[in-house]
Amino acid sequence: MRQGRADEYAEFAVARAGHLYRSACLLTAGDTHLAEDLVQETFGRLYVRWGRVSRVGNPAGYAQTVLTRTFLAHHRRRSSQERATDVFPDLPGSGDGDASLRLTLLDALARLSAKDRAVVVLRYWEDRSVEETADAMNVSSAAVRTRCSRALGRLRELLGEDLAEYARP
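**Q** Can you lay out helix α6 (residues 114-125) for me, pointing to particular residues and giving the numbers?
**A** In an α-helix there are 3.6 residues to a turn, and that puts residues three or four apart on one side. Its 12 residues give α6 an end-to-end C-alpha distance of 15 Å, which sits within 8% of 16 Å, the value for a rise of 1.5 Å per residue. Of all the 12 residues making up α6, 9 are buried; the element is thus mostly covered by neighbouring parts of the structure. Turning to α6, the residues buried within the fold contact α1 (3-27), α4 (59-77), α5 (99-110), α7 (130-137) and α8 (141-159). Immediately downstream of α6, the backbone of D127 shows phi near 55°, a positive value.

**Q** Describe a negative patch on the surface, and please don't skip the residues or the numbers.
**A** Residues D127, E131, E132 and D135 make up a contiguous surface patch of negative charge. Along the polypeptide, E131 turns up in helix α7.

**Q** Describe in detail the pattern of salt bridges, supporting the description with residues and values.
**A** One pass over the full model with this rule turns up 4 salt bridges. Among the ionic pairs, R45 bridges to E41, the shortest N-O distance being 2.6 Å. A residue pair is termed a helical-turn pair when its members lie 3 or 4 positions apart in one helix, as R45 and E41 do in helix α2 (residues 32-48) at 4 residues. The partly exposed category is assigned to R45, whose relative accessible area is 31%.

**Q** Got a sec to walk through the packing of α4 against α7? Specific residues and values, please.
**A** Axis separation between α4 and α7 bottoms out at 8 Å; the angle between their running directions is 50°. Judged by the inter-axis angle, α4 sits oblique to α7. From α4, T65, T68, R69 and L72 reach across to α7, where they touch D135, A136 and M137.

**Q** Report on the side chain of R128, specifying residues and quantitative values.
**A** Turning to its location among the elements, R128 is positioned in the loop between α6 and α7. Of the side chains with opposite charge, E126 lies nearest to the buried R128, which makes no salt bridge, at 4.7 Å. When residues no more than four places from it in sequence are discounted, the contact partners of R128 are G61, Q64, T65, L122, R123, T133 and A136.

**Q** Before we move on, could you go through the side chain of E126 and cite the residues and values that matter?
**A** Inspection of the secondary structure assignment puts E126 in the loop between α6 and α7. Excluding residues within four positions of it along the chain, E126 makes contact with H19, S23, Q64 and V121.

**Q** How would you explain the nonpolar core if you had to name every residue and give the values?
**A** Ranked by size, the top nonpolar core spans 41 residues in total, and within it F43, L46, L67, F71 and L109 carry the most contacts. Of all the secondary-structure elements, those providing two or more residues to this core are α1, α2, α3 (50-53), α4, α5, α6, α7 and α8. Of the residues forming this core, the biggest block, 8 residues, is contributed by α1. Ignoring sequence-local partners within four residues, the contact set of L67 consists of L20, S23, A24, L27, L38, V39 and T42.

Each value, and the rule that gives it
Residues numbered from 1 in each chain as written. Predicted model: local features only at pLDDT ≥ 70, side-chain atom pairs only at ≥ 80, totals over all residues. Heavy atoms only, no water. Helix = DSSP H or I, 4+ residues; strand = E, 2+ residues; numbered from the N terminus. Expected span 1.5 Å × (residues − 1). Buried < 20%, exposed > 50% of the residue type's maximum accessible area, 1.4 Å probe, protein only. Contact = heavy atoms within 4.5 Å. Patch = residues over 30% accessible without salt bridge, like charges linked within 9 Å, V, L, I, M, F, W, Y side chains within 5 Å. Areas by Shrake-Rupley, 256 points an atom, 1.4 Å probe, with all protein chains shown as cover. Salt bridge = Lys/Arg side-chain N within 4 Å of Asp/Glu carboxyl O. Lys, Arg positive; Asp, Glu negative; His and termini not counted. Charge placed at Lys NZ, Arg CZ, Asp CG, Glu CD. Axes fitted to C-alpha atoms, helices over the stretch in contact; angles between N-to-C directions. Parallel < 35°, antiparallel > 145°, perpendicular 65-115°, else oblique. Core = buried A, V, L, I, M, F, W, Y, C linked by side-chain atoms within 4.5 Å.

What follows is the structure, given as structure tokens:
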């Protein structure tokens, strides 16, 4: 890679790393180690194709799509030795926000399937349209709408009566 493109890539990576990491944390339901691995793999894939990616109208959106597809691929190939658990360790707080609320929401996200979690993160965290979400997940728009409806219903079920408490301004 030429020095000019390498500098451009490095600038992009620095600017987008935090946002991709936060999205990856939500996709992995709080597994920060896996989130770091997914972001690193995403940046590796972007580096290899940076010549084409840099010419895309929205490289940030492209990076988010690569992250989502990397997460879904990882979930499909996950080793049978790994076991999901419903117990979260105490995570250090960042000082802003309510830690118990964050843990409750991450726990609820963790109970969703990987594709449902991806739909919720893309639609409501990333604020993407149905069509953009469908493109990122490589599914139809109808599938995104169906998954959104089911995932939100499942979240309401998991959060139960406490939902009103979380929706307070």
